[in-house]
Structures are given as structure tokens and as C-alpha cells.
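Spelled out, the chains give:
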Amino acid sequence: MPPGGPVGMRGPNRFLTEEEKKNRPKITSKLLKRIFSYLLPYWPKLLLVLAAIVLSSIFGLLPSILTGKIIDEGLIGRNFGVLVQLILLSFAVLLLSNLIGVLESYLNTWVAQHITYDMRNQMYAHLQKMSHRFFTTSKQGDVITRMTSDISGVQSVIANTLTSILSNIAVLATSVVAMYQKNWILATVGIIIVPLFVLPTKRVGKTRWTLALKSQEKNDEINQILNETLSVSGQMLVKLFTNEQPEYEKYQKANREMTRLNVKESMAGRWFRVAMNTFTSMGPMLIYLVGGLLIIKMGSTSLTVGDITVMVALLNRMYQPVNSLLNIQVDVIRSMALFTRIFDYFDMPVEVENRPYAAKPELIKGDLEFCHVGFFYDAGQPVLTDLNFCVKAGRSVAIVGPSGAGKSTIINLIPRLYDVTEGKITLDGQDIRNIDLETLRKNIGVVTQDTYLFNGTIRENLLYANANATEEQMMEACRRANIHDFIASLPKGYDTLVGNRGIKLSGGEKQRVSIARVILKDPRLLILDEATSALDS
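Residues numbered from 1 in each chain as written. Predicted model: local features only at pLDDT ≥ 70, side-chain atom pairs only at ≥ 80, totals over all residues. Heavy atoms only, no water.

Q: Explain the overall build of the protein here, please?
A: Per the secondary structure count, the protein includes 17 helices and 6 strands. Counting contacts in the protein only where the partners sit at least 6 residues apart, residues at least 24 apart contribute 78% of the total. By element, 59% of the accessible surface of the protein is carried by carbon and sulfur atoms, the whole surface being about 30800 Å². (Helix = DSSP H or I, 4+ residues; strand = E, 2+ residues; numbered from the N terminus. Contact = heavy atoms within 4.5 Å. Areas by Shrake-Rupley, 256 points an atom, 1.4 Å probe, with all protein chains shown as cover.)

As C-alpha cells, this is what we get:
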């Protein structure tokens, strides 16, 4: 049997799904250049990886070649001294090969980890610049997937796919060269028979892949039934409508079909292993047959028993690389698709950004004015039209209107979470689009309608607004928000954990902490978006 188990049985992921075939990316020189731009900073270590792969492939040949000498010169030659020397040399070569493999693995992992480190930082910085529109229209799961699974997949591409391709080519090339140096006839026989044994495995493997897909689809269907009918609300609905029997029959039918598919897939795997064991055993048998023909019938004096043994070992060494390289298209397409998904995010335009030479006023008074402001989320569906109003510094203004009238939209436009589509908003007479974003937002405090607290302590949530605030400033802000006495009554006081999104606090307590946080920021412009909706009157 070839190294690594039966040829072709590398799991269902060795074949492309119909969706992957449909959405396969177009591989262009521009895409490849962009991918290699991430590898370029690490080219010295990548060269060392390549050198380690080549050296490991060469040293990997030597134990097989030395085995031939052990048989010819040590055992058949009946020379115990040579036998011991060759065995010790084989052990030393094997040890050295493994040490080189460890070095290659370390360098490979180091490069892959640092490239994904760079990509994560770049992606996080890019996503921070995206407008509020991006986060309200994109699925949060997609954003998290790009940041985690997809970029982690890049590490696998570099650490596994890329080096695997290089390693397989190196192993295959060194094996072929070594076989032809031994005997060109046996080498040719070996090269001819390897694809004949590997190609049928792809067909059998694809059958298993198809069955596995159908089984997984049926398993998903069963999970859906369980999720709907055994949940608290679901089982109540089933009982109230007396649908226990129809639901049981639906589950039984799906379960029966999944069982049938699992049995079929298991048997396909059994026949697959039988075929593979037979095929992989036939390869060496043919080498022995042809070798015996050359020695016994044709009287070849240049070919020895040790040489035939070496040829069999080298033939087995070729199975796995040939099989992997036959599947290279799958690996390449998936790798390119991975990079394409990541680059699609990188290429999303930043809607709200600083203009060149944006102003950084040292002092902002706080005069705010909306001048003929218009805004829409979707073209043709205006939310604000020709809006005009002025708020002088030091004044308080309430904006009242029914739900959906655009009150929160007005609030989001002031710190430039969105940019106006018509007109302008000025702060101290200056268009806010001409003011540095960081400067603008540092001078604006917003208590949002949906109070959000990080999963940390009350202290950490308060200091998020002003990391340099003193203990007294923090407590004073909480007194002004009428939350200090409550916090002080807690066993851990300001070091109390609030839980995910502040779940350990009531709605009113969360709002008061949020108000205290914005007070601690001490902004020139304070905006409250229904910030007291959960407070007791």
C-alpha cells in the first residue's frame, strides 16, 4: 500500500461541489501577482523552505537505495561489516531527513502564520474604515468568516497546499531520476503503471463523494426536523395541532433514507479499499515479474535483486505524489476562491473617509447647522429632503417625530457614520466633510438607542470613552448619570462584569452606564437617541 493510505481516498473534499464548479474564480496574472505580493516580504525564508523540501526529497531516496545495497552487498555478499555500516548509514540518513523535515515545517509554519497575521491586521484596519452602511447591510456571519475562517484558510494554503505541491513535484522528480539511473526498462514500466492504478481511484472516490453529499443533505434535513419539532415553541405547536404522527412519519422517512445512504457509502468504501489493495499490490508484482524476466530469461548482469527491491520501494514512493498532483486542480481552484473572497472585501470602497488636508481645529465651539440636507439609503427612496435647522452651542434641541421619520438618520449623519447625499452639515461654519474624522468624532458624544456594552467590567466600559480619566472623574460621571450608588452597592463595585452586551444589567442600568460613559468623554456636542427610554420616569 502506498504511503498515507489508499490512493485517492483523501476524503470527500478531493472533489469540487457543483457550487464550486459554478463559482470557480478566474485565475488571472493580476490575481496571482496580488497573492504573491503577500509572499514577497518573506522570500528569504521561502527559499529556505524550497531548499529544505529538495534536500528532504533527496535524503528520502537514500534509505531505499541503501536497502538495495544492504541486500546485495551485505546479505547476498555475506559481508557483516558492510551490512552494519550500511544499516548505520541508513539510520543516520533517515534521522537527517527527519531533522530537515522539522526545519522545513517550522519555516513553513512561521511564514504562513506571519502572512495571515499581516492579512488579519490589514482586514481589520480596512473594516474599521467601512461606513455604517456596510455593517447594516452585510451579514455579520460573513464579516466574521472573512476575518477568521477565510484568512485562516490562507495559512492552510501556504502551509499545506503550496508546500505539498512543491514537495510532491520534488519527490516525484527525484524518484523518477533515481529509477532511470537504476534501470530504464523497470523505470518505464513503473511510470506507465502508476497512472493506470491511480486514475480508477478517482472514479471510485467520486462515487463515495456523491453518496456522502446526499447523506449530508439528508442529515441536514433531519436536523431541521429536530430543530423545528423538538424546540420549546415547536413541540408546543405540534401538540396544539395534534400533528405528532405526521411529524413522526416525516422523521422516520428521512431517517430511513439517511440509513440507506450511509450503508451504501460504507460499502462503496469497502470495495474501494479492496480495489486499492489489489491495485497497489499488482504494481510491485509487475516490477518483480519484469525484473525476473530480465535477470532469469535475458541474463541481465547489471540488474541485481537489490536493484529490483529499490525499484519497488521507489514505485511505492511515487503513488502519493502522483495522486496528489492529479487532484491539483481542486486544490488550486479552492485556494484561488479563498483569496478571491478575501480580496473582494479588500476591494470594497470606503464610503466615508478623510478628504486630503482635512482640517483639525484646535477648538470646536459646537454650532451645528443642516443646510438643505438630503439623504437616502437606497436610490429613489429619500429619507430626508431639503432639511434645514440650526443648533447654537450651549442649546438643547429635541427632534420629535413618528417611527421611521428619520430621527436616527439625522443623528448618524452628524458624526459622519453616513455622508449626506445632498446639501451639507456644518460645525462652527465648516462643512463636516472637511474636518478630520477623528477630530470630529472626538468632539461628538452619542448615546445610542440600542445601548451596547462590551463583555468586560463596568470600569472598562466607562474608560472606553476616556482611557486617561481619573477615578474621581469616572465616579463623578456616574453620579451625574445617577448610577454611582448602584455600582457602589455591588460586591465588586466598578470591577463588576456586565456580561455579553451588558446582559447582567437591566435595561435602565445599561442606559445609565452608557450616559455616564459619554459624560466621561466630555464632548462639545452631546446627542441622545432615545437614551432614556428604559429609565424609570
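Q: Looking at this structure, I do not really get unusual backbone geometry. What am I missing?
A: Backbone geometry places Thr-242, a non-glycine residue, at a positive phi of 45°. Summarising the element assignment, Thr-242 is placed in the loop between α8 (232–240) and α9 (244–297). Overall, the relative accessible area of 60% leaves Thr-242 in the exposed class. Positive phi values are uncommon outside glycine, yet Tyr-357 reaches one of about 60°. (Buried < 20%, exposed > 50% of the residue type's maximum accessible area, 1.4 Å probe, protein only.)

Q: Explanation requested: the nonpolar core in the structure shown.
A: Note that soluble globular proteins tend to have their nonpolar side chains buried in a common cluster. Core analysis: the biggest nonpolar cluster contains 28 residues, and Ile-115, Met-119, Met-123, Leu-127, Val-154, Ile-342 and Phe-343 have the highest contact counts within it. For this core, the secondary structure elements donating two or more residues are α2 (29–39), α4 (80–129), α6 (140–182) and α11 (328–346). Setting aside its immediate chain neighbours within four residues, Ile-115 contacts Tyr-38, Leu-39, Tyr-42, Val-154 and Ile-158. In this structure, Leu-186, Val-194, Leu-303 and Val-312 belong to the second largest nonpolar core, which totals 22 residues. (Core = buried A, V, L, I, M, F, W, Y, C linked by side-chain atoms within 4.5 Å.)

Q: What is the right way to read the pairing of strand β2 (residues 381–391) from this model?
A: Looking down a regular strand, the side chains alternate between one sheet face and the other. Both strand β1 (residues 368–378) and β2 contribute to a ladder of 7 bridges, which runs antiparallel. Its bridge partner being in β2, Phe-370 is matched across the sheet by Phe-389. Adjacent in sequence and paired antiparallel, β1 and β2 are bridged by 2 residues, among which Gly-380 carries a positive phi angle near 90°. (Pairing = 2+ DSSP bridges.)

Q: Just to check I follow, could you spell out empty space enclosed by the protein for this structure?
A: Enumeration over the complete set of coordinates arrives at 1 cavity of 30 Å³ or more. As a volume, the largest cavity reaches approximately 40 Å³. If you trace the largest cavity, you find it lined by Leu-413, Arg-416, Tyr-418, Asp-419, Val-420, Lys-424, Ile-425, Asp-431, Ile-432 and Arg-433. Across the lining of the largest cavity, the residue classes tally to 5 nonpolar, no polar and 5 charged. (1 Å grid on protein atoms, 1.4 Å probe; cavity = no way out; pocket = protein on both sides within 12 Å on 5 of 7 lines; lining within 4 Å. Points joined across faces, edges and corners; volume = space filled by probe spheres on them. Nonpolar A, V, L, I, M, F, W, Y, C, P; charged D, E, K, R; others polar.)

Q: Which parts of the structure should I look at to understand the pattern of salt bridges?
A: Counted according to the given criterion, the structure contains 17 salt bridges. A salt bridge links Arg-34 to Asp-347; its shortest N-O distance comes to 2.8 Å. Separated by 313 residues along the polypeptide, Arg-34 in helix α2 and Asp-347 in the loop between α11 and β1 bring together distant segments of the chain. Arg-34 gets classed as partly exposed once you look at its relative accessible area, which sits at 27%. Taking relative accessible area as the criterion, Asp-347 reaches 47% and is therefore assigned partly exposed. Close ionic contact of Arg-459 with Asp-495 constitutes a salt bridge, the shortest N to O distance being 3.0 Å. Separated by 36 residues along the polypeptide, Arg-459 in helix α14 (residues 458–463) and Asp-495 in the loop between α16 (484–489) and α17 (507–521) bring together distant segments of the chain. Connected through shared salt-bridge partners, Arg-146, Asp-150 and Arg-341 make up one network. (Salt bridge = Lys/Arg side-chain N within 4 Å of Asp/Glu carboxyl O.)

Q: Explanation requested: the confidence of the model for the protein in the structure shown.
A: Detailed conclusions should not be drawn from predicted coordinates in areas where pLDDT is low. Mean pLDDT over the protein stands at 83; residues scoring 70 or higher make up 89%. Taken together, the stretch residues 1–12 has pLDDT below 50 and engages in 29 contacts with residues farther than four places along the chain or on a different chain. (pLDDT = per-residue confidence, 0-100.)

Q: Mind showing me how you'd approach the layout of surface pockets here?
A: In this approach a probe as big as a water molecule rolls over the atoms, and the regions it shows empty are the leftover space. Estimated volume of the largest pocket: approximately 2600 Å³. In terms of lining residues, the largest pocket is bounded by 44 residues, among which His-132, Leu-417, Thr-448, Phe-454 and Tyr-464 are the most central. For the lining of the largest pocket, the elements supplying multiple residues, two or more each, are α4, α5 (132–137), α6, α12 (407–413), α13 (437–442), β5 (444–447) and α17. Looking at side-chain class alone, the lining of the largest pocket contains 21 nonpolar, 12 polar and 11 charged residues. For the lining of the largest pocket, the two domains that each supply at least three residues are domain 1 (26–183 + 303–347) and domain 2 (368–528). If you add up the space inside the second largest pocket, you get close to 670 Å³. In terms of lining residues, the second largest pocket is bounded by 25 residues, among which Val-397, Ala-398, Leu-526, Ile-527 and Leu-528 are the most central. (Domains from an automatic or database assignment.)

Q: How should I be thinking about a nonpolar patch on the surface in this particular structure?
A: A contiguous nonpolar patch, built from Leu-40, Trp-43, Leu-47, Leu-50, Val-54, Ile-58, Leu-162 and Leu-166 and spanning about 700 Å² of accessible area, is present on the exposed surface. At the level of elements, α3 (43–76) and α6 are the ones that each hand at least two residues to the nonpolar patch. The residue Leu-50 is located in helix α3 in this model. (Patch = residues over 30% accessible without salt bridge, like charges linked within 9 Å, V, L, I, M, F, W, Y side chains within 5 Å.)

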